[in-house]
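Here are the chains, one letter per residue:
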Amino acid sequence: MRYIRHVFLLVALALLLYTFLGCASEKTTSKLETGPQSTTEEETTAEVEQQPDVPDVNMDGKEFVFIVRGPAYNEWQSQDIYVEEQTGEPIDDAVYIRNAYLEDKYNMKIREYGASDVGNEARRSIVAGSADYDVVMANTSESATLASQSLLYNLHEMPYLDLSRDWWDQRSVKQLSIGNRLYFCTGDLSIMANDATWIMMFNKPMINDNKLESPYDLVNSGKWTISKMHEMAKVTVKDLDGDGRMRYDVDCYGFVTHESSCEGFFFGSGCNIITKDENDLPQLSMMNERVLRVLELAHPLIGNRELVVNGSVQGLNPISQMQPVFESGRALFYGEVMQCIIRLRAMEIDFGVIPFPKLDETQPTYNHFVHTTAAMMSIPVTNLDLENTTIMLEAMAAKSKYTLQRAYYDICLEGKFMRDEESAAMLDIILDTRNFDIGYIYNWGNLFTNFRNVLTSGKGDLASQYAKAEKSAVAQMEKTVEAWLEDM
């Protein structure tokens, strides 16, 4: 039977590779498509798949249980760890084939438990000393809380995790550590951080109808800034029913979004809550002239109800009320998580995807915020088999680079739902410039909450609010650092 299954796996992997290469031939090269693209014999040689540096062991049928987000999380339910069978959907099939390959190679099983509250369920289990779960896939805030409670292992000390390999997200590895300790991160074994990355979408016909500059050209020339976005957004505002007032369900706006675009503008402008010193310890670095400039330039795109539909301010449901504004062609720009590209697959109007704007043209790179809904990988201190667990995780991340991530990036976004080749190139920029700010995740002293309130309302003195909150923020930060490093 094992021989038959091995043959099946080879056939399935061959078919999946054929699908990926077929899709790849119809589009431009992406970040994850590292194989050559030209038609010469030498250049069409298949890419050599990188292998993890782990022993080829027989795990005697061991089951690894991941605690993940269950159906209660709706569109944020886990979809990248386990599926029962192939369904014809790219993500499902990639997960199935990846897991079947690993299970056959190491003689083990990958399973998941879908919780309605991952953070609290994991905490209860770990505190009780139960080895119910081998891996925790909680969101960034939940993972940070578990880390502060000394319930997770330091990933840098795990026997077979090589976090320098490119199947681990290097920005998450570097930015989510404190004192060179890392309790959670992400990588190619999960797509949830991709889904949670904040992006900008735009209505292509409205660009053409209003004779506006190409957003793609603006991005590529480094001229895509907050001021340019504001300038373009103002052009498309229209009171469509002529009643003299703007209504989200009737009229045409420049921008539709909710409060997390405050983060989009803040991080997109190259701002951060913290930086880290030579010992990898966090230092507050939020208050400066750059942040005040973001408040000035971005406020109209967050707080002006004649220009923007801000779902958080207006009490609108993101999916049933906000999304239709863009989907029906009544907004030039739409700020949301990347998962919305897939949610908009039925949209008949052509749209494109671009980075969030820079503060100004002198800013060297675009930057992107990852919403706290992103799932992080961590290992609970109740795990009783770290060697086999880390062999499995390293192999899983490595195999996901060639299965799961290609299914997500190449098929779901570019092949099945994307509307043009330019957007695929924009995704390269977005995914290469993501920001994981641990000061934002912990929200020490409510520093970012104060920034968001001032940006949204256009009222208040952020500098004075920061000065009042700084002492509390420093105390909370020091308490977190102490908790992370207490057993050193």
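Check the entry above for the structure.
Residues numbered from 1 in each chain as written. Predicted model: local features only at pLDDT ≥ 70, side-chain atom pairs only at ≥ 80, totals over all residues. Heavy atoms only, no water.

Trainee: Any chance you could break down the sheet that holds strand E10 (residues 351–354) for me, citing the residues and the numbers?
Mentor: Within the open sheet, the five strands sit side by side as E8-E5-E9-E4-E10. Their pairing is mixed. Only two strands of the sheet have a single neighbouring strand rather than two, namely strand E8 (308–310) and E10. Across the sheet, the mean angle from the axis of one strand to that of its neighbour is 20°, orientation sign disregarded. Pairing of strand E5 (residues 253–257) with strand E9 (residues 331–337), which is carried by three bridges, proceeds in the parallel orientation. (Pairing = 2+ DSSP bridges. Helix = DSSP H or I, 4+ residues; strand = E, 2+ residues; numbered from the N terminus. Axes fitted to C-alpha atoms, helices over the stretch in contact; angles between N-to-C directions.)

Trainee: How would you summarise the pairing of strand E1 (residues 62–69) if you had to cite specific residues and measurements?
Mentor: Among the eight residues in E1, six count as buried, and that is most of the element. Taken together, the eight bridges between E1 and strand E2 (residues 108–115) define a ladder with parallel strand orientation. When the bridges of E2 are listed, phenylalanine 64 appears paired with isoleucine 110. Between E1 and its parallel partner E2, the chain crosses via helix H2 (residues 90–106), and the hand of that crossover is right-handed. Two elements, E1 and strand E3 (residues 135–139), share two bridges in a ladder whose sense is parallel. Counterpart to phenylalanine 66 in the pairing with E3 is valine 135. (Buried < 20%, exposed > 50% of the residue type's maximum accessible area, 1.4 Å probe, protein only. Right-handed = clockwise from strand over helix to strand, strands pointing away.)

Trainee: Describe in detail the sheet that holds E3, supporting the description with residues and values.
Mentor: Here we have four strands laid out as an open sheet, ordered E2-E1-E3-E12, and mixed in their pairing. The outermost strands of the open sheet, each flanked by one partner alone, are E2 and strand E12 (375–378). Averaged over all pairs of adjacent strands, the angle between their axes in this sheet comes to 20°, without regard to strand direction. When E3 meets E12, the two strands line up antiparallel, connected through four bridges. Following the sheet pairing, valine 136 is matched in E12 by serine 378. Lying over the sheet, helix H4 (residues 140–148) contacts E3 and E12, oriented at roughly 125° with respect to E3. (Contact = heavy atoms within 4.5 Å.)

Trainee: Tell me about the pattern of salt bridges, and please be specific about residues and values.
Mentor: Where charged atoms from two side chains of opposite charge come close, those side chains can pair. Counted under the stated rule, the structure contains 15 salt bridges. One salt bridge in this structure joins arginine 247 and aspartate 243, with 3.4 Å as the shortest N-O distance. On the basis of relative accessibility, which here comes to 28%, the residue arginine 247 falls in the partly exposed class. (Salt bridge = Lys/Arg side-chain N within 4 Å of Asp/Glu carboxyl O.)

Trainee: So what's going on with the side chain of threonine 373? Residues and values would help.
Mentor: As for its placement among the helices and strands, threonine 373 is situated in the loop between strand E11 (368–369) and E12. For threonine 373, a relative accessible area of 18% puts it in the buried group. Apart from residues lying up to four places away in sequence, threonine 373 is in contact with Arg69, Trp76, Asn139 and Ala196.

Trainee: Tell me what's going on with the nonpolar core, and back it up with residues and numbers.
Mentor: Counting residues in each nonpolar core, the largest one holds 152 residues, and the members touching the most others are Phe66, Trp168, Met201, Phe265, Phe333, Met377 and Phe451. When sequence neighbours within four positions are dropped, the list of residues in contact with phenylalanine 265 reads Ile226, Met229, Phe255, Val294, Ala298, Leu301, Ile302, Phe356 and Pro357. (Core = buried A, V, L, I, M, F, W, Y, C linked by side-chain atoms within 4.5 Å.)

Trainee: Provide a residue-level description of the packing of aromatic side chains, including the pertinent values.
Mentor: In this structure the tally under the stated criterion is 20 aromatic pairs. When the centroid spacing of 4.9 Å and the interplanar angle of 80° are considered together, the rings of tyrosine 183 and tryptophan 484 count as edge-to-face. Linking tyrosine 183 in the loop between helix H5 (170–175) and helix H6 (192–195) with tryptophan 484 in helix H21 (residues 462–485), this pair joins segments that are 301 residues apart in sequence. Side by side, tyrosine 183 and tryptophan 484 carry an identical accessibility label, which is buried. Look at phenylalanine 184 and tryptophan 484: their rings are 6.2 Å apart centre to centre, the planes differ by 70°, and that puts the pair in the edge-to-face class. In this pair, phenylalanine 184 sits in the loop between H5 and H6 while tryptophan 484 sits in helix H21, placing the two residues 300 residues apart along the sequence. With respect to class, phenylalanine 184 is no different from tryptophan 484; both count as buried. Cation over ring: lysine 358 sits above tyrosine 366, and NZ or CZ is 5.0 Å from the ring centre. The ring of tyrosine 101 has lysine 399 lying over it, and the distance from NZ or CZ to the ring centre is 4.1 Å. (Phe/Tyr/Trp six-rings, centres within 6.5 Å; stacked < 30°, edge-to-face > 60°. Lys NZ or Arg CZ within 6 Å of the ring centre and 35° of its normal.)

Purely spatial values, then, with no claim about function.
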